[in-house]
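Chain residues, written in single-letter form:
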Amino acid sequence: MSRIDGPDGPMPEIMDNRETNQRPSWLESFLGGTPGRVVVRLILMSLVVGFLMSIFGISPDAIFRSIQGFINSIFDNGFEVFRDGFAYMLTGAVIVLPLWFIGRLMAAGRRR
């Protein structure tokens with residue numbers, strides 16, 4: 001504790017808070033506060049969001065179904081792209097491979 005004199009005379013004692021402030025634990029750092037406060041905050045936010053979702057007619061089941069449909073469409077369209085790419089490769093190979101083979105034969109004939 002220290003006593004500081006100001007322009008108007010002695011000032012009240014000032015406590016040094018550095019010793020009383022402890023560093024938060026790893027759990028508090030990860031959660032963003034004490035576990036109790038985080039739980040209360042999450043409960044309140046869940047109530048507000050749930051209320052707003054019910055006002056707009058959104059249900060958790062509908063959300064999960066839309067996510068599942070999105071993932072299914074990614075797989076369906078993704079594999080379709082590979083199927084189309086393979087078809088393009090085969091179509092191109094009908095022209096490219098014979099031309100490459102003829103070119104190699106001609107190059108081998110020039111070397112002799």
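Quick caveat, the model's predicted, so the values are computed rather than measured.

Novice: Run through the overall build of the chain, naming residues and quoting values.
Specialist: A tally of regular secondary structure across the chain gives 3 helices and 2 strands. Taken from N to C terminus, the helices and strands of the chain fall in the order β-β-α-α-α. Burial analysis of the chain (112 residues in total) assigns 2% to the buried set. Just so you have it, the chain exposes about 10500 Å², and 68% of that area is on carbon and sulfur atoms.

Novice: Lay out helix H2 (residues 35–55) in plain terms, naming residues and giving numbers.
Specialist: Between its terminal C-alpha atoms H2 stretches 30 Å, which fits the 30 Å expected from 21 residues at 1.5 Å a residue. Residue Gly-57 follows H2 closely and has a positive phi angle near 75°.

Novice: Go over the pattern of salt bridges with me, naming the residues and quoting the values.
Specialist: The full count for this structure, using the stated rule, is 1 salt bridge. In this structure, Arg-65 engages Asp-61 in a salt bridge whose closest nitrogen and oxygen atoms are separated by 2.9 Å. Here Arg-65 and its partner Asp-61 are both found in helix H3 (residues 60–111), 4 residues apart, which amounts to about one turn of the helix. Residue classification places Asp-61 among the partly exposed residues on the basis of a relative accessible area of 46%.

Novice: Describe the UniProt feature "transmembrane region" (unreviewed entry) in the chain, listing the residues and the values that go with them.
Specialist: Under the UniProt annotation, the feature "transmembrane region" (unreviewed entry) is placed at residues 38–58 and 86–107. Between the C-alpha atoms that bound residues 38–58 there is a distance of 26 Å. The span itself is 86% helix and 0% strand. The span residues 86–107 shows a helical share of 100% and a strand share of 0%, and its end C-alpha atoms are spaced 30 Å apart.

Novice: Residues and numbers for H3, please.
Specialist: Taking 1.5 Å per residue as the helical rise, H3 with its 52 residues ought to reach 76 Å, and the 72 Å between its terminal C-alpha atoms agrees with that figure. In the structure, H3 departs most strongly from a straight axis at Ala-93, where the bend amounts to approximately 40°.

Novice: So, the confidence of the model for the chain: which residues are in play, and what are the values?
Specialist: In low-pLDDT segments, the atomic positions of the prediction should not be examined closely. Here the chain averages 82 in pLDDT, while 80% of its residues score no lower than 70. Least confident of the elements in the chain is strand E1 (residues 5–6), whose mean pLDDT is 58; most confident is H2, at 92.

Parameters and conventions
Residues numbered from 1 in each chain as written. Predicted model: local features only at pLDDT ≥ 70, side-chain atom pairs only at ≥ 80, totals over all residues. Heavy atoms only, no water. Helix = DSSP H or I, 4+ residues; strand = E, 2+ residues; numbered from the N terminus. Buried < 20%, exposed > 50% of the residue type's maximum accessible area, 1.4 Å probe, protein only. Areas by Shrake-Rupley, 256 points an atom, 1.4 Å probe, with all protein chains shown as cover. Expected span 1.5 Å × (residues − 1). Salt bridge = Lys/Arg side-chain N within 4 Å of Asp/Glu carboxyl O. UniProt positions renumbered as here; feature names shortened; annotations may be inferred. Bend = angle between axes of the 7 residues up to and from the residue. pLDDT = per-residue confidence, 0-100.

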